[in-house]
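In case you want the letters, here they are:
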Amino acid sequence: MKFLSTTTLLSFSMLLATSVFAADNTTNSNFLKEIDKNQCFGCHSTAIKTLSTRGAHKNLNCTSCHDIEANHLKAPSADNRPTTHFEYAACGQCHQEQHKDIMDPKYHYQWALNNKPQTYSVIRDIAGDNSFRDIQYRLPRFHSSIVTDLANIRSDGRYEYKDFYKDMSKPGAPMWEALIDTRPQEGDAIKPSKTLSLTWRPHKGREIMGRSDCLKCKTSDNMMDFAYLGKKHPKAPLAFNDLDHKVLKTVNNSFNCITCHDPHSAEPRIVFDHLIEAMTHQDFKDYNYQKNAGKTGYPKIEVFNMGVRGYPRKIAILEKANSNYMCGQCHQGHNRSETFYKDSDGQLAHPKEAIDREGWSVGTFFAANPIERWNIVRGLGLHNGIDKETGVKKVSTDHYHMETLVGSTHGKAGVGCTDCHFAKKENGKLEHQPSLPSLKYKNTCARSDCHGNPNRDNWSEGQAAYMVATIQQRYRIHKERLERYGAAARKLLVQAKNGDVKIPETQYKELQDAYSLYLHTRGWYFSDYSEGVHDPRGFEKTSSEVIKKLRTATTEANKAIKG
């Protein structure tokens, strides 16, 4: 298969895109221009047949997305397996408007032209580890370049932009047209170096992927080459713990349309195995999603076992489109990447080299807030490490965007990510351009079907902006109070650990638990990035409760010391 050039991908002319596909299919006379789908259904008789005979794509020919050699129909094998087109322009042959949207940088350039002070989320470095939590720099990036950015960010300087000042400022360059491998002698491993990546997120400047499953939510190019949950399988070309460069060599495009829309039926879908597992596994039946599946904001899923390649692969079709889950394939807390230890003996709760993390630790707990998640992990008698200075057992954090939204007032009402990050056009369609809601309040918050008029709160565009600013101001006030009481608790815990004070066991444990919960809460909301907007009521309720626990535990510990 030929990957389209940068020029083609950035072009909004679908005639050009179509002509490129035509050229690809005619330069090799073995490629069929059209086939009888029933011939395919002889082998693909289950999931593919079911999906291909329903939905908006039921009349689409297989050759629209696959290069199929004539001899594959006569004697199918791995050697003549059809090639799949993953380029954005593949879907853009028909979906011209959406293709134009995702390749349009207008909101990113508008953000730059606003010339506002850069947005920082500052959380004090009270742990003294100079971690990235101190300052988070936020620069909007193009979703169509996300895998290119990741390779650049997480390679410790190995993969650099060929033309940094040109390729970083536009969307859509296929990865290996934009990047150069500066250290090919390292082979499939990425080794530490003295070179800092010049990236858009400086706190990630010196970091190596470590596990190539980071790429799973950045690209769909190799989704058919992994067995379910990334397990090693003799017939599967890739596994999630393969070396990074080995996996990077197999991709060239960022995640695309088919990550969220099934190409055979056009139905909304999920392809991220660990999210499918979390939505179906028996051990998750008492958690938020499975308890509420079928209610507004909690669409049921239909799971399909895919393919005839000799190893298990699954996708899940949503009964109703909900972008919280479609976007949540990436924007979730990935338990699968975490390391859990047992309170009882401090030993690992899972095999050291486990890559599939079967059972409860796969995917997400669907906890709606940090208190709920902390209670789940600690209730299971687990922790993710020990805070060095205080000796407190920690519960790790990630970017819990989906969880925060699903459990919020908006999420329970069926509002999803795209309702705020995509603008609604005059023709009623959602604009396929993920970007900051602050650049388009008129077509998001202030729409008539949200908070606009005549049906709702009659917000103007300015009022919507003012409400967001108000929410974020309240967030900053609560966060400052949270930090203040967290610092007081930390000071006392450090004194106790160093033997400077003696706290009775009951009060000591309550103080440790309150501080552990505080650490988890600050990490949760720091990585949320919205500064309280994703779940304003939830944040204020949670932070107030954590503040109360910190104040009470610190006060009782001090009383006990004075005794």
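It should be emphasised that the depicted structure is a prediction, and the values quoted were computed from it without experimental measurement. As a convention, each chain's residues are numbered from 1 in the sequence order in which they are written. In keeping with the predicted nature of the model, local features appear solely for residues at pLDDT of at least 70, side-chain atom pairs appear and are counted solely at 80 or more, and the whole-chain, interface and lining totals rest on all residues. Derived side-chain values reflect all non-hydrogen atoms in the structure, with water molecules and hydrogen atoms excluded from consideration.

1. Observations concerning unusual backbone geometry
Then comes step 1: With phi around 60 degrees, Phe 366 is a residue other than glycine that occupies positive phi space.
Then comes step 2: Secondary structure elements follow DSSP: runs of H or I of four or more residues count as helices, runs of E of two or more count as strands, with numbering from the N terminus. Its location among the elements puts Phe 366 in the loop between strand E10 (341-342) and helix H17 (370-379).
Then comes step 3: For Phe 366, a relative accessible area of 2% puts it in the buried group.
Then comes step 4: With phi around 55 degrees, Glu 531 is a residue other than glycine that occupies positive phi space.
Then comes step 5: Here Glu 531 lies in the loop between helix H22 (505-526) and helix H23 (536-562).
Then comes step 6: Exposed residues in this analysis have more than 50% of their type's maximum accessible area, buried residues have under 20%, and partly exposed residues fall in between, with area computed by a 1.4 Å probe over protein chains only. By relative accessible area, Glu 531 is classed as buried at 8%.

2. Let's talk about the sheet that holds strand E9 (residues 314-318)
Think of a sheet as strands paired side by side through backbone hydrogen bonds, with each pair either parallel or antiparallel.
Then comes step 1: Here, strands pair whenever DSSP counts at least two bridges between them. Within the open sheet, the three strands sit side by side as E7-E9-E8. Their pairing is antiparallel. At either margin of the open sheet sits one strand with a lone partner, and together these are strand E7 (269-270) and strand E8 (301-305).
Then comes step 2: As defined by bridge partners, E7 adjoins E9 across two bridges and the pair is classed as antiparallel. When the sheet's bridge partners are listed, Arg 269 is paired in E9 with Ile 317.
Then comes step 3: The criterion used for residue contact is that any of the two residues' heavy atoms lie within 4.5 Å. Lines fitted to C-alpha atoms define the axes here, with helix axes fitted over just the stretch in contact, and angles between the N-to-C directions of these axes take values from 0 to 180 degrees. Running over the sheet, helix H14 (residues 273-280) touches E7, E8 and E9 and is turned about 125 degrees from E8.

3. Overview of the side chain of Asp 273
Then comes step 1: Topologically, Asp 273 is positioned in helix H14.
Then comes step 2: A polar contact of 3.1 Å, which involves the side chain of Asp 273, links it to the backbone nitrogen of Leu 229.
Then comes step 3: Not counting residues up to four positions away in its chain, the partners in contact with Asp 273 are Lys 216, Ala 227, Tyr 228, Leu 229, Gly 230 and Phe 240. Any pair of N or O atoms that falls within 3.5 Å is considered a polar contact. Within protein, one atom must be able to donate a hydrogen and the other to accept it, and sequence-neighbouring residues count only if both atoms are side-chain atoms.

4. Some remarks on the packing of aromatic side chains
Then comes step 1: Side-chain rings of Phe, Tyr and Trp (the six-membered ring for Trp) are treated as a pair once their centres are within 6.5 Å; stacked means planes under 30 degrees apart, edge-to-face means over 60, and tilted covers the remaining angles. Throughout the structure, instances matching the rule amount to 14 aromatic pairs.
Then comes step 2: Look at Tyr 159 and Trp 176: their rings are 5.7 Å apart centre to centre, the planes differ by 80 degrees, and that puts the pair in the edge-to-face class. One end of the pair, Tyr 159, is in strand E5 (residues 159-161); the other, Trp 176, is in helix H11 (residues 175-178), with 17 residues separating them in the sequence.
Then comes step 3: Its relative accessible area of 0% is what places Tyr 159 among the buried residues.
Then comes step 4: Through a chain of ring-to-ring contacts, the aromatic side chains of Tyr 161, Phe 164 and Tyr 165 assemble into a single cluster.

5. Structural notes on the packing of helix H21 (residues 461-497) against H22
Then comes step 1: Their axes nearest at 10 Å, the elements H21 and H22 cross at an angle of 140 degrees. One element, H21, and the other, H22, form an angle in the oblique class. The two elements H21 and H22 cross, and the hand of that crossing is left-handed. Residues Tyr 475, Leu 482, Glu 483, Gly 486, Ala 489, Arg 490, Leu 492, Leu 493, Ala 496 and Lys 497 of H21 pack against Tyr 508, Leu 511, Gln 512, Tyr 515, Tyr 518, Thr 521, Arg 522, Tyr 525 and Phe 526 of H22.
Then comes step 2: Across the contact of H21 with H22, the residue classes tally to 12 nonpolar, three polar and four charged. By definition in this entry, angles of less than 35 degrees are roughly parallel, angles greater than 145 are roughly antiparallel, angles of 65 to 115 are roughly perpendicular, and the rest are oblique. Crossing chirality is assigned from the near helix's rotation relative to the far helix, an anticlockwise turn below a right angle marking it left-handed and a clockwise turn marking it right-handed. Asp, Glu, Lys and Arg are counted as charged, while Ala, Val, Leu, Ile, Met, Phe, Trp, Tyr, Cys and Pro are counted as nonpolar; the rest, among them Gly, fall into the polar class.

6. Focus: the pairing of E9
Then comes step 1: Burial analysis of E9 places four of its five residues in the buried class, the great majority of the element.
Then comes step 2: Pairing geometry for E8 and E9, over five bridges, is antiparallel. Considered in E9, the bridge of Val 303 is made with Ala 316.

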